[in-house]
Structures are given as structure tokens and as C-alpha cells.
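# Inside the fold
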Amino acid sequence: MKYTTIIFDCDGTLLNTLTDLGNAVNYVLKSNNLPTRSSSEIKAALGNGVTHLMRESLPKNTTDTDFEKYLCEFKEYYGKHLQDYTAPYEGILEVLDTLGAKGYKLAIVSNKIQEGITPLNKEYFGNRLPVAIGERPNLQRKPAPDMVLQALKELESTQEESIYIGDSEVDVATAHNSGLLCIGVTWGFRDESLHEKLGVTHIARKPQDIITIINTLNQIH
């Protein structure tokens, strides 16, 4: 059986969301007279959803009550500004179009809240990715397999015929936990050395490499 289905991470893989996420974090920090975070600090905290991002960005002595307030402020601000600077990485749309033309079934699985991933998917990808799974109450977030398995269910695909593509250690773990082959990408929020350290065999250094790797896998599968 050849690979028929490709599941993509969103932030750091399809979309460069770093500036908008960083701006939202620092808006909350500035508004509450707290020290702001650098771009590299924001980058290192991405991949596990907005709750993790805010926990890593706020002072360690932040109370639970204050944390909930700051998280609500983040979500409100980000909800209004999530498209200020966000854009697909160069070459990604062409990759999605090529895969779609070849008949692959495509989806996004993201630790973004569902209310965030749905408009971003529609705005930037149109109908290219018909299934977009985000954080919702009945699904555990990545690296748990729940979101990926939900996407496969909606696509009517099996784990054996599916590939997961992402940029971070969370994505590598998600692929492993879901039983999917992993392709790691290096243009996102983590360096190539991370993928090598985690034993990722297939690494894409530019978007077009995704096509090359999948073509090769389907020739030998």
C-alpha cells in the first residue's frame, strides 16, 4: 500500500505565525508591566499550544488566578490580530497544490484552538486542506494521537497509508504516538539538529523537498 494521506502541523510548518504570536504575548506582558520576551524566547516556547506558550512567557511566580487572566487577555488580543503578519512559508502553497493534483488527501492538525485554526486555514489555504483539527474539549492535544486519529477518521484513511509533517519535537512525538511516518522540516521553529537528535530519517530543508521525499517513499513502499 502506498502513502495516500499527508497530515501537516500548522505553525512553523505551513504558516509562519511567530510575529503575531510574539506580539500577542508581549501585548499582555506590557499591559501588565511584566518583562517582555525576545523573538527567540517566543520561538522556543512554541509547539505545545497557547497555554504552554503563556506559562513559559510569564514570570515563574505568576499565580493561577493571574495566569487565567493573562491567558484570556492573550486569546482576546490574538483573536483580533492573528493575521497581521502571518503568512504561508514561501513555496508551501505550490507544494499543497502539487499534492492535491496528485490526489493526496490533506489535513492540518494543530495545537492552536479550533477557533484559531479554522479561520487561518480558510484564509490562507482556501480548499487545499479540507480537514483542520485544532484544540477542542474532546480531544487531547499533541503529542497525544487524538487529533491525528480524528483527522484520519474524517479523511477515511489509515495510519499505515499516512505521513505526518512537522517542525518540532512535539511533532516528532505526535507522529510516533500516532503510528505515522514522520517528515521533519527545518524552516520552522526548530533547527535541523533537533530532528537529527530525535532520529528523524526524512528531513525537508525547503518545501519542495516534501514532494521529493514523498515521491521517493512511494517508489519504494
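Just so it is clear, the structure is predicted and the values come from calculations on it, not from any experiment.

Rules and cut-offs
- Going along each chain's sequence as written, the residues are numbered from 1 onward.
- Given that this is a predicted model, residues contribute local features only at a pLDDT of at least 70 and side-chain atom pairs are listed and counted only at 80 or more, while totals for whole chains, interfaces and linings are drawn from all residues.
- The side-chain quantities take in all heavy atoms of the structure and omit both hydrogens and water.
- Numbering of helices and strands starts at the N terminus; helices are DSSP runs of H or I of at least 4 residues and strands are runs of E of at least 2.
- Per-residue accessibility, obtained with a 1.4 Å probe over protein chains only, is compared with the maximum for each type, and a residue is labelled buried under 20%, exposed over 50%, and partly exposed between these values.
- Only heavy atoms enter the contact rule, under which two residues are in contact if any of them lie within 4.5 Å.
- Pairs of N or O atoms are called polar contacts if they sit within 3.5 Å, as long as, within protein, a hydrogen donor faces a hydrogen acceptor (for residues adjacent in sequence, only side-chain-to-side-chain pairs).
- Here a salt bridge means any side-chain nitrogen of Lys or Arg lying within 4 Å of a carboxyl oxygen belonging to Asp or Glu.
- DSSP bridges decide pairing: two strands pair if at least two such bridges lie between them.
- Put simply, a nonpolar core is a bunch of buried Ala, Val, Leu, Ile, Met, Phe, Trp, Tyr and Cys residues held in one set by side-chain atoms that sit within 4.5 Å of each other.
- Axes here mean lines fitted to C-alpha atoms, for a helix over just the part in contact, with angles spanning 0 to 180 degrees between N-to-C directions.
- If an angle is under 35 degrees, it is roughly parallel; if it is over 145, roughly antiparallel; if it lies from 65 to 115, roughly perpendicular; otherwise it is oblique.
- In this scheme the handedness of a crossing depends on how the near helix is turned from the far one: anticlockwise by less than a right angle means left-handed, clockwise means right-handed.
- In this classification, Asp, Glu, Lys and Arg are treated as charged, Ala, Val, Leu, Ile, Met, Phe, Trp, Tyr, Cys and Pro as nonpolar, and every other residue, Gly included, as polar.
- By this rule the span expected of a helix is its residue count minus one, scaled by 1.5 Å.
- In this context, the arc is that of the directions from the helix axis out to the C-beta atoms.

### Brief notes about the environment of Ser 110
- In this fold, Ser 110 is placed in strand S4 (residues 105-113).
- With a relative accessible area of 2%, Ser 110 lands in the buried category.
- Put simply, Ser 110 and Ile 6 are 104 residues apart on the chain and 14 Å apart in space, counted from C-alpha to C-alpha.
- Among all residues touching Ser 110, those that are not within four sequence positions of it are Cys 10, Asp 11, Ile 117, Ile 133, Gly 134, Glu 135, Lys 142 and Met 147.
- Here Lys 112 takes part through its backbone nitrogen, which lies 2.9 Å from a polar atom of the side chain of Ser 110.

### Quick notes on the side chain of Asn 111
- Along the chain, Asn 111 falls in strand S4.
- Asn 111 gets classed as buried once you look at its relative accessible area, which sits at 5%.
- There is a polar contact of 2.9 Å between the side chain of Asn 111 and the backbone nitrogen of Lys 142.
- Asn 111 has contacts with Gly 47, Asn 48, Gly 49, Glu 135, Arg 141, Lys 142, Met 147 and Val 170, leaving out every residue within four places of it along the chain.

### A closer look at the pattern of salt bridges
- Summed over the entire model, instances satisfying the criterion amount to 10 salt bridges.
- The salt bridge partner of Asp 9 is Lys 142, with a shortest N-O separation of 2.9 Å. Of this pair, Asp 9 sits in the loop between strand S1 (5-8) and strand S2 (15-16) while Lys 142 sits in the loop between strand S5 (131-135) and helix H7 (146-155), and the two are 133 residues apart along the sequence.
- Given the relative accessible area of 3%, Lys 142 is considered buried.
- Note that Asp 209 and Lys 206 form a salt bridge whose closest N and O atoms lie 2.8 Å from each other.
- According to the relative accessible area criterion, Lys 206 is partly exposed, its value standing at 48%.
- Put simply, Asp 9, Lys 142 and Asp 171 are held in one network by salt bridges that share partners.

### A short note on the pairing of S5
- In terms of burial, S5 is a largely internal element, 4 of the 5 residues being buried.
- Where S4 and S5 come together, 4 bridges link them in parallel fashion. By the bridge assignment for S5, Val 109 is matched with Ile 133.

### Some details on the nonpolar core
- By size, the foremost hydrophobic cluster in this structure holds 52 residues, and its most contacted members are Ile 6, Phe 8, Met 54, Phe 74, Leu 99 and Phe 125.
- When neighbours within four sequence positions are excluded, Phe 74 is seen to be in contact with Leu 21, Ala 24, Val 25, Val 28, Val 50, Leu 53 and Met 54.
- In terms of nonpolar packing, the next biggest core, distinct from the first, is built from 18 residues, Leu 139, Ala 175, Cys 182 and Ile 203 among them.

### Looking at the packing of helix H1 (residues 18-31) against helix H3 (residues 50-57)
- Two elements in contact, H1 and H3, have axes separated by 11 Å at closest approach and are oriented at 50°. Here H3 runs oblique to H1, going by the angle between their axes. Here H1 and H3 pass one another in a crossing that is right-handed. Residue-level inspection shows Leu 21, Val 25, Val 28 and Leu 29 of H1 in contact with H3, the latter providing Leu 53, Met 54 and Ser 57.
- Of the residues that constitute the contact of H1 with H3, the class distribution is 6 nonpolar, 1 polar and no charged.

### Considering helix H6 (residues 114-125)
- The end-to-end C-alpha distance of H6, which contains 12 residues, comes to 16 Å, matching closely the 16 Å that a straight helix rising 1.5 Å per residue would cover.
- Every buried residue of H6 is accounted for by Gln 114, Gly 116, Ile 117, Leu 120, Asn 121, Tyr 124 and Phe 125. All buried residues of H6 lie within an arc of 150° about the axis, which places them on one face of the element. In this structure, H6 carries Glu 115 and Lys 122 as exposed residues pointing more than 90 degrees from its buried face.
- Close packing links the buried residues of H6 with S2, helix H4 (64-81), strand S3 (87-88), helix H5 (92-101), S4 and S5.
- Directly after H6, the chain includes Gly 126, whose backbone phi takes a positive value near 60°.

Function cannot be read off these values alone, since they describe shape.
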